[in-house]
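# Fold and geometry: a report
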Amino acid sequence: MVRAWHLKSRPHGLPAADDFELKDVALPELGEGMVRVRNRWLSVDPYMRGRMNDAKSYIAPFQLGEPMDGGAIGEVLESRADGFAPGDLVQHMAGWRDEAVVPARAVNKLPDFAVEPQQFLGVLGVPGATAWFGLLDVAAAKPGETVFVSAAAGAVGSAVVQIAKAKGMTVVGSAGAADKCNYVRSLGADHVLDYKAGPIRKSLAAAVPDGIDVYFDNVGGDHFDAALALARNHARFAICGMIGDYNSAEPPSFRFMTRIIAARIRIRGFLVIDYMGRMGEFYAGMAPLVASGAVTSRDTVYDGLEAAPDAFLGLFSGANTGKMLVRL
Ligand SMILES: NC(=O)c1ccc[n+]([C@@H]2O[C@H](COP(=O)([O-])OP(=O)(O)OC[C@H]3O[C@@H](n4cnc5c(N)ncnc54)[C@H](OP(=O)(O)O)[C@@H]3O)[C@@H](O)[C@H]2O)c1
């Protein structure tokens, strides 16, 4: 029997396990141009919190009572599409379920790199590409510059730390636990800040009193404010995510906003989906770093489809180091 997680209720604030329901679903017939895929790995991602709200955004909200979707890696079981055969490993968006029938045009065969398939949901997937384009394109970070990255032990943040080090930058990373800070240090970060141990602005100022050239924002709130306070003239901020605010009813407030003018700070939000046409460039730059060991990755794995909501909720309590994944 095929099962899929459905959105049962829209959360206010932090979502709860009760907002999700695992139900049986019928698969459509395998039509011409379709493949049937058995999922092996599911991605859970912070942006899915926004999809639980009934709000217009860059991606459609999950519908109440309907199956949810998201990134997944699976194996083709059956194909009526040219170029796909049983046994092919593919990436697609029919996650949050164990099996799916999907149009072949919405499915990508995994690139032929000698890595574990789940890395295409992590360091060689969306999180890695987000780190790559956010740091090098959006923030235009250069060798010799000082980069501050928040949620540095997470999927995107840990890739930012390592790409920046590989490109000759000084890196300050923040994370919310001692073991996560040790992990960020092991990735080569020059300074590591435990934001739960004290105010982030004070620890950032102590680590880099001369300030930062680039801020890669994954958290928002007090981290963003600290980066404003410490920004050098002409600093660039790549606003990737603000997970600290995703469950908050109150808008964040900032003390150091006026520094945007005096320091001529350039602040740019971005979405990695706008870079999907440049994935070849990402693979060409990132795959050699992964192959040489200059960029490594860690996964936090929850087992079984039943565990998907817990894995997702764990993103907001910091239960993951590296990429949060569900293994089926
Ligand atoms: N713009 C884009 O296209 C794009 C693409 C992918 C991801 N993103 C964004 O990038 C960010 C990181 O995503 P990811 O997939 O790599 O997730 P992740 O960093 O692997 O996991 C989320 C981490 O955020 C931290 N966190 C959770 N709640 C927090 C809070 N209230 N305050 C401070 N930190 C908190 C936790 O780490 P600690 O234990 O260290 O607190 C947690 O482990 C998210 O904001 C996400 O929305 C954006």
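Residues numbered from 1 in each chain as written. Predicted model: local features only at pLDDT ≥ 70, side-chain atom pairs only at ≥ 80, totals over all residues. Heavy atoms only, no water.

## A word on the site of the ligand
By nearness alone, 26 residues border the ligand, and Lys180, Tyr195, Tyr246, Val272 and Asn320 come closest of all. Taken together, the residues that form the shell around the ligand break down as 16 nonpolar, nine polar and one charged. (Near = heavy atom within 4 Å. Nonpolar A, V, L, I, M, F, W, Y, C, P; charged D, E, K, R; others polar.)

## Considerations on the domain arrangement of the protein
If you check the domain split of the protein, you get domain 1 (2-122 + 298-327) and domain 2 (126-273). A separation of 28 Å is found between the C-alpha centroids of domain 1 and domain 2. The interface is formed by 17 residues belonging to domain 1 together with 13 residues belonging to domain 2. Here domain 1 and domain 2 share an interface that buries about 1200 Å² over both sides, 58% of which is from carbon and sulfur atoms. Remark: the boundary between domain 1 and domain 2 carries zero salt bridges. Here domain 1 is connected to domain 2 by five residue pairs in polar contact (both at pLDDT 80 or more). Considering only residue class, the side of domain 1 that touches domain 2 consists of eight nonpolar, six polar and three charged. (Domains from an automatic or database assignment. Contact = heavy atoms within 4.5 Å. Buried area = accessible area lost by both parts, 1.4 Å probe. Salt bridge = Lys/Arg side-chain N within 4 Å of Asp/Glu carboxyl O. Polar contact = N/O pair within 3.5 Å; in protein donor to acceptor, adjacent residues only side chain to side chain.)

## Digging into the state of the cysteines
A covalent bond between the sulfur atoms of two cysteines is referred to as a disulfide. For the coordinates displayed, the defined rule picks out zero disulfides. Cysteine 240 supplies the cysteine sulfur nearest to cysteine 181, a cysteine that is in no disulfide, at a spacing of 19 Å. Classification of cysteine 181 as buried rests on a relative accessible area of 5%. (Disulfide = S-S within 2.5 Å. Buried < 20%, exposed > 50% of the residue type's maximum accessible area, 1.4 Å probe, protein only.)

## Here we look at the pairing of strand β6 (residues 99-103)
With respect to burial, β6 is a largely interior element, four of its five residues being buried. Sheet topology note: the strand β3 (residues 34-43)/β6 ladder contains five bridges and is antiparallel. Residue pairing in the sheet places methionine 34 in a bridge with proline 103 of β6. (Helix = DSSP H or I, 4+ residues; strand = E, 2+ residues; numbered from the N terminus. Pairing = 2+ DSSP bridges.)

## Thoughts on the nonpolar core
Counting 48 residues, the largest nonpolar core has Leu135, Val161, Val184, Phe216, Phe282 and Met286 as the members making the most contacts within it. Where this core is concerned, the elements lending two or more residues are α2 (126-138), β8 (146-149), α3 (155-166), β9 (170-175), α4 (178-186), β11 (212-217) and α8 (279-292). Residue assignment places this core across two domains, with domain 1 (2-122 + 298-327) and domain 2 (126-273) each supplying three or more. Look past the residues within four positions of valine 184 in its chain and what remains in contact with it is Ala152, Ala153, Val161, Gly173, Ala175, Ala189 and Val192. The next biggest cluster of nonpolar side chains, apart from the first, holds 22 residues, and it includes Ile200, Val208, Phe224 and Leu228. (Core = buried A, V, L, I, M, F, W, Y, C linked by side-chain atoms within 4.5 Å.)

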